[in-house]
Amino acid sequence: MYERSGFRVAQWVDVEHARTYSFPAMKTVELGRTGEQVSQIALGCMLMGTLTDEASSVKMLDHYLDAGGNFVDTANCYAWWPSPGNTGDESEELIGRWLAHGGRRDQVFLATKCGARLSDPEEARGKTWEEVQARFEGASPDTVRRGIDDSLRRLGTDHVDLYYVHVDDRSTPLEETLSALAEIVRAGKARYVGWSNVRTWRLERIRQLCDRHGWPAPVAVQQQHSYLRRRAGLSHKSIVDDEQLDYLRTHDDLTLVAYSPILKGVYDDPEKRRNHDIMDPYQGPDAEARLAALTELAAELGVKPNQLVLAWLLHQTSPTTVPLIGPRTLDQYLAAMSALDVTLDAAHVERLDAAGAHAP
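A look at the overall build of the chain
Then step 1. Looking only at helices and strands, one finds 13 helices and 13 strands in the chain.
Then step 2. Expected size for 360 residues packed as a compact globule is a radius of gyration near 21 Å; at 20 Å, the chain falls within 12% of this value.
Then step 3. Taking the principal axes of its C-alpha atoms as reference, the chain extends roughly 55 × 50 × 45 Å.
Then step 4. Among the 360 residues that make up the chain, the fraction classed as buried is 55%.
Then step 5. Long-range pairs, those at least 24 residues apart, make up 73% of the contacts in the chain with a sequence separation of at least 6.
Then step 6. In the form shown here, the chain has an accessible surface area of approximately 15,800 Å², with 49% of it arising from carbon and sulfur atoms.
Then step 7. One finds the centroid of the 40 positive side-chain charges in the chain at a distance of 1 Å from the centroid of its 53 negative side-chain charges.

Thoughts on the packing of aromatic side chains
Then step 1. Here the structure, examined in full by the defined rule, presents six aromatic pairs.
Then step 2. Pairing Trp80 with Trp81 gives two aromatic rings, centres 5.8 Å apart and planes at 90°, and the pair type is edge-to-face.
Then step 3. A relative accessible area of 35% means that Trp81 is categorised as partly exposed.

Observations concerning the state of the cysteines
Then step 1. Tallied over the entire structure, the rule returns zero disulfides.
Then step 2. Looking at the unpaired Cys114, the closest cysteine sulfur is the one in Cys77, lying at 9.9 Å.
Then step 3. Not engaged in a disulfide, the cysteine Cys210 finds its nearest cysteine sulfur in Cys114; these two sulfurs lie 14 Å apart.

Quick word on the pairing of strand β10 (residues 190-196)
Then step 1. Along β10, six of the seven residues are buried, which leaves the element largely enclosed by surrounding structure.
Then step 2. Here strand β9 (residues 160-165) runs beside β10; their pairing, made up of five bridges, is parallel. In the strand pairing of β10, Val160 is matched with Ala190.
Then step 3. In this region the chain leaves β9, passes through helix α6 (residues 174-186) and returns to the parallel neighbour β10; the handedness of that crossover is right-handed.

A few points about the sheet that holds strand β12 (residues 255-259)
Then step 1. The parallel closed barrel is built from eight strands, whose spatial order is β6-β7-β8-β9-β10-β11-β12-β13. Within the sheet, the average angular offset between the axes of one strand and its neighbour, ignoring direction, is 25°.
Then step 2. Relative to β9, strand β8 (residues 109-114) runs parallel, the two being bridged by four bridges. Across the sheet, residue Thr112 finds its bridge partner in β9, namely Tyr163.

Thoughts on the confidence of the model for the chain
Interpreting fine coordinate detail is not advised for predicted regions of low pLDDT.
Then step 1. On average, the chain scores 93 in pLDDT, and the residues at 70 or more come to 93%.
Then step 2. Within the model, pLDDT remains below 50 along residues 1-8, and this stretch shows 22 contacts once partners closer than five positions in the same chain are excluded.

Considering the pattern of salt bridges
Then step 1. Throughout the structure, instances matching the rule amount to 25 salt bridges.
Then step 2. Put simply, Arg135 and Glu123 hold a salt bridge, and the shortest N to O gap is 2.7 Å. Here Arg135 is found in the loop between α4 (129-133) and α5 (141-155), whereas its partner Glu123 is found in helix α3 (residues 121-124), with 12 residues between them in sequence.
Then step 3. Glu123 sits in the partly exposed class, given a relative accessible area of 33%.
Then step 4. Here Asp149 and Lys189 are joined by a salt bridge, their closest N and O atoms 2.8 Å apart. Within this pair, whereas Asp149 is found in helix α5, its partner Lys189 is found in the loop between α6 and β10, the two being separated by 40 residues in sequence.
Then step 5. The exposure class of Asp149 is partly exposed, given its relative accessible area of 36%.
Then step 6. A network of salt bridges, in which partner residues are shared, links Glu36, Arg105, Asp161 and Arg191.

Here's the deal with the side chain of Ser57
Then step 1. Within the secondary structure layout, Ser57 lies in helix α1 (residues 54-66).
Then step 2. On the basis of relative accessible area, Ser57 is assigned to the buried category, the value being 0%.
Then step 3. A distance of 3.4 Å separates a polar atom in the side chain of Ser57 from the backbone oxygen of Thr52.

Comments concerning the side chain of Thr143
Then step 1. Mapped onto the elements of the fold, Thr143 is located in helix α5.
Then step 2. At 2.8 Å, the side chain of Thr143 forms a polar contact with the side chain of Ser140.
Then step 3. In this view, Thr143 contacts Glu137 and Gly138; residues no more than four positions away in its chain are not counted.

Focus: unusual backbone geometry
Then step 1. Note the cis peptide between Tyr78 and Ala79, where omega equals -15°.
Then step 2. Checked against the element boundaries, Ala79 lands in the loop between β7 (71-73) and α2 (90-99).
Then step 3. Between Ser318 and Pro319 the backbone carries a cis peptide bond, its omega angle lying at 5°.
Then step 4. Mapping Pro319 onto the fold places it in the loop between α11 (305-314) and β13 (321-325).
Then step 5. Unusually for a residue other than glycine, Leu263 sits at a positive phi of about 50°.
Then step 6. Tracing the chain through its elements places Leu263 in the loop between β12 and α9 (270-275).
Then step 7. Notably, Lys264 is not glycine yet its phi reads approximately 60°, a positive angle.

Procedures and definitions
Residues numbered from 1 in each chain as written. Predicted model: local features only at pLDDT ≥ 70, side-chain atom pairs only at ≥ 80, totals over all residues. Heavy atoms only, no water. Helix = DSSP H or I, 4+ residues; strand = E, 2+ residues; numbered from the N terminus. Rg over C-alpha atoms; globule rule 2.2 N^0.38 Å. Buried < 20%, exposed > 50% of the residue type's maximum accessible area, 1.4 Å probe, protein only. Contact = heavy atoms within 4.5 Å. Areas by Shrake-Rupley, 256 points an atom, 1.4 Å probe, with all protein chains shown as cover. Lys, Arg positive; Asp, Glu negative; His and termini not counted. Charge placed at Lys NZ, Arg CZ, Asp CG, Glu CD. Phe/Tyr/Trp six-rings, centres within 6.5 Å; stacked < 30°, edge-to-face > 60°. Disulfide = S-S within 2.5 Å. Pairing = 2+ DSSP bridges. Right-handed = clockwise from strand over helix to strand, strands pointing away. Axes fitted to C-alpha atoms, helices over the stretch in contact; angles between N-to-C directions. pLDDT = per-residue confidence, 0-100. Salt bridge = Lys/Arg side-chain N within 4 Å of Asp/Glu carboxyl O. Polar contact = N/O pair within 3.5 Å; in protein donor to acceptor, adjacent residues only side chain to side chain.

So this is what it looks like as structure tokens:
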């Protein structure tokens, strides 16, 4: 059992095991060039309401606010896949119930997404990932408009702070999606827009159209990003590559929100790395060199490799990077938040940055 303390810093007392967890309050970073300050770690709520029960979800959300966090991330499809009967409404509905108690809405920078919802989750069960993707709702104007209204109803609020296109939809002309998003912003239903799972050339096209038509341009791009780099020659729209990093460094009005920052926790467990499919895009000499450097420095600093990866991401300022943690359990949440306690100097960061640069 966990009980909230009266401290302003993030502190929880585990009564059952007589343990106290305490972390320094989070810093904030500017979202793009909006002037909006968001916490340096975003809390992903993908599994809240399904694999993470309501009580544990509320504890994480409460502690996150106590720690100075404000950037809460969900989507209109979270999470249909854990069990039969799940629809994708569960995360937004849980957050809506949480926000309804204690006047928390003004404390939260709330992000949600449309574009990857399924009309019939049961029909998609057992299908390959490619078959599931083919059933995504997409980003047509009607879908986008309906999506925001449905999300607002589930969240119990009149606006979200950031509204993403969850998966880039090439079957819908960008002009149609962007015009609908502009309507939503004008109506006050979303303050800012973002894009996720998008290739760099498409992101540039989006920005050009927004500039031409005076539409609100994305201020955040949410992509898979971690310490390991995807292997050479891999084509992948969702994982940040060198070109996308260069683009984001050049355009500081975009913040990188990095999902799966610890790659489902594989950094701490060599056996898990050998058997987990999340490693497939990274396998090779570069990954081996970076894992060796990471493991060595983590041992020197007396921290876990997962912690060190998150701490490294928190030091990335070009581009500005906000790691998005998605814990399933309270212990996973506390382990991720412990990255705030890891102190890295410039030499540590440089050492991690340089690893793998000369791998064959």
